[in-house]
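Structure at a glance
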Amino acid sequence: MSQSADLARAQQRFARRQRLVRWRSWLPWAIGGALLVLGGLIVWLFYFSSALAVDGVRVSGADTVPVATIENVAEAPTGTPLAKVDLGAIAERVRTIPAVADAQVTRAWPNKVVIVVTERVPVVVVTDGTRFELVDATGTAFKTVPNRPAGLPEAKVTGTRRDVTVRSIVTVSAALPSTLRVQVGSISASSPDSITLNLGSGVKVVWGSSDDSERKAEVLSVLMKRKATVYDVSAPDLPVTKGEKR
């Protein structure tokens, strides 16, 4: 009787070991299958399901450019799964807005496209006498306004090399110390090499080209300690004053 019981227990232990061996052999396949199913569900959720589809745009950084304009130009594909949206293409479209210097586009899960814009900042207003163009630090004209904005140097540009001349004027304006920049009533130029600053007091500063603008600004700051009607720093190592007042 005892031998029969021992044999039965031994057979049970052997059967359990066999089941464990079979289970261990199938375990990697079971885990792999589960992971495959989970991966498929994730792919479906992110790339095909409407649960994570675009339902709107969030815009920040816009001050002068209407948010509605940015949203229309962005053409974010509403209803498209957020993971499939081409963020670079949206950014490129937004950058075509003249007043936008740059745009960065990201995803905000679960359903939003986020657009952060950097607007152009005017440093000079260029006029031909009939209209006023706002120009940023890169020399890009991005907006035309009917009246001259306050606080910006006015540039009167003539001649054929207009774009190059405007960029040269921007370089000169950026080199001016703030104490001098606020005195500038207008800047006139018929070419990139013939820039003249017209101060509000009636004083003229012959600047020449935009080359060595920082050096010219330093020389002019010293030179203006003498009272004169014309300061010529076009050759900064040989500055000239005219109409000196005693």
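Everything here concerns the structure above.
Predicted model, so just to flag it, every value in this text is computed and none were measured. (Residues numbered from 1 in each chain as written. Predicted model: local features only at pLDDT ≥ 70, side-chain atom pairs only at ≥ 80, totals over all residues. Heavy atoms only, no water.)

What follows concerns the sheet that holds strand S4 (residues 124–127). Within the open sheet, the 9 strands sit side by side as S6-S5-S4-S7-S8-S9-S10-S11-S12. Their pairing is mixed. Looking at the sheet topology across the chains shown, the edges are occupied by strand S6 (141–145) and strand S12 (240–242). Averaged over neighbouring strand pairs, the angle between their axes works out to 25° when direction is ignored. Of the pairings in the sheet, the one linking S4 to strand S5 (residues 132–135) comprises 4 bridges and is antiparallel in character. Residue pairing for S5: threonine 127 is matched across the bridge by phenylalanine 132. Along the sheet, helix H6 (residues 213–223) makes contact with strand S10 (204–208), strand S11 (230–232) and S12, crossing S10 at roughly 155°. (Pairing = 2+ DSSP bridges. Helix = DSSP H or I, 4+ residues; strand = E, 2+ residues; numbered from the N terminus. Axes fitted to C-alpha atoms, helices over the stretch in contact; angles between N-to-C directions. Contact = heavy atoms within 4.5 Å.)

So, on to the nonpolar core. The biggest cluster of nonpolar side chains holds 27 residues, and the ones touching the most others in it are Ile169, Ile195, Leu197, Val205 and Trp207. Counting only elements with at least two residues in this core, the list comes to S4, strand S7 (154–157), helix H4 (162–175), strand S8 (184–189), strand S9 (195–199), S10 and H6. One finds Ile90, Ile97, Ala103 and Phe132 within the second-largest nonpolar core, a separate group that totals 26 residues. (Core = buried A, V, L, I, M, F, W, Y, C linked by side-chain atoms within 4.5 Å. Buried < 20%, exposed > 50% of the residue type's maximum accessible area, 1.4 Å probe, protein only.)

Once that is clear, we can look at the packing of H4 against H6. With their axes 9 Å apart at the nearest point, H4 and H6 run at an angle of 45° to one another. Here H4 lies oblique to H6, going by the angle between them. Handedness of the crossing formed by H4 with H6: right-handed. Here H4 contributes Thr171, Val172 and Ala175 to the contact with H6, which in turn contributes Ser213, Glu214 and Ala217. Its residues assigned to classes, the contact of H4 with H6 shows 3 nonpolar, 2 polar and 1 charged. (Parallel < 35°, antiparallel > 145°, perpendicular 65-115°, else oblique. Left-handed = near helix turned anticlockwise from the far one by under 90°. Nonpolar A, V, L, I, M, F, W, Y, C, P; charged D, E, K, R; others polar.)

An order of S1-S3-S2 is seen for the 3 strands of this open sheet, with the pairing classed as mixed. Strand pairing shows two members of the sheet lacking a second neighbour, strand S1 (56–60) and strand S2 (100–108), which therefore form its edges. Between one strand axis and the next, the sheet turns through 25° on average, direction left out of account. Two strands pair when backbone bridges link them, and S1 and strand S3 (residues 112–119) are joined in this way by 5 bridges, in the parallel orientation.

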